[in-house]
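Notes for the structure review
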Amino acid sequence: MIHLQNMKYVHVSPSALVDDTDATTATIDTFGFDYCEIFISIGATDIAMDDLQVFESDDSGMSGQVVITGLRYGTDTTVDGGTSTKPNTDNNKTRLFQIDLKNRKRYLDVDADCGNGSAGTQIAIVAILSRAAESPADSAAGKGVDEILRV
């Protein structure tokens, strides 16, 4: 087993220009995985984001969702010990959420609320689920992508 192949990718939000609203996101089903990393790529932006945080819920519709303590940019502490900052007008920045899924609810969703500026915020979000109890199918669909190239 090559551990890099024992992962699944979730396209949470396609690259989009978002202004004065939440980015449209897909719910992340974490069933069978021990860890999740959510990578947020922020391109051109003209105003600070209002929220960037992760919710969890027991159902895929995200009813009764709650914010995961420790996963709120702008209030929670970074791994380096400082207070995190919300993405602002600095272009081409990235943020990362790292989540140990033990004792978590099954479903996750990202709240990426882009502020009301003149041009909006370019944003894309991808989740990587890893350390699967059973290896995902070794196919594009099993890995959560459209196609795979491998050498």
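Residues numbered from 1 in each chain as written. Predicted model: local features only at pLDDT ≥ 70, side-chain atom pairs only at ≥ 80, totals over all residues. Heavy atoms only, no water.

**Quick look at a negative patch on the surface**
- A surface patch of like charges, here negative, comprises Asp19, Asp20, Asp22 and Asp50.
- In this structure, aspartate 22 sits in strand β2 (residues 21–22).
- What makes aspartate 22 partly exposed here is its relative accessible area of 39%. (Patch = residues over 30% accessible without salt bridge, like charges linked within 9 Å, V, L, I, M, F, W, Y side chains within 5 Å. Areas by Shrake-Rupley, 256 points an atom, 1.4 Å probe, with all protein chains shown as cover. Salt bridge = Lys/Arg side-chain N within 4 Å of Asp/Glu carboxyl O. Lys, Arg positive; Asp, Glu negative; His and termini not counted. Charge placed at Lys NZ, Arg CZ, Asp CG, Glu CD. Helix = DSSP H or I, 4+ residues; strand = E, 2+ residues; numbered from the N terminus. Buried < 20%, exposed > 50% of the residue type's maximum accessible area, 1.4 Å probe, protein only.)

**Some remarks on a nonpolar patch on the surface**
- Together, Phe39, Leu96 and Val126 give the surface a local cluster of nonpolar side chains, amounting to about 220 Å² of exposed area.
- When you line up the elements, valine 126 lands in strand β9 (residues 121–132).
- Note on valine 126: relative accessible area 31%, which makes it partly exposed.

**So, the pattern of salt bridges**
- Summed over the entire model, instances satisfying the criterion amount to seven salt bridges.
- When the shortest N-O distance is used, the salt bridge between aspartate 29 and arginine 106 registers 2.7 Å. Separated by 77 residues along the polypeptide, aspartate 29 in strand β3 (residues 28–29) and arginine 106 in the loop between β7 (93–100) and β8 (107–114) bring together distant segments of the chain.
- Using a relative accessible area of 31% as the deciding quantity, one classes aspartate 29 as partly exposed.
- On the accessibility criterion, arginine 106 (34% relative accessible area) is partly exposed.
- For the salt bridge of aspartate 100 with lysine 102, the shortest nitrogen-to-oxygen distance reads 3.6 Å.
- A relative accessible area of 42% places lysine 102 in the partly exposed class.

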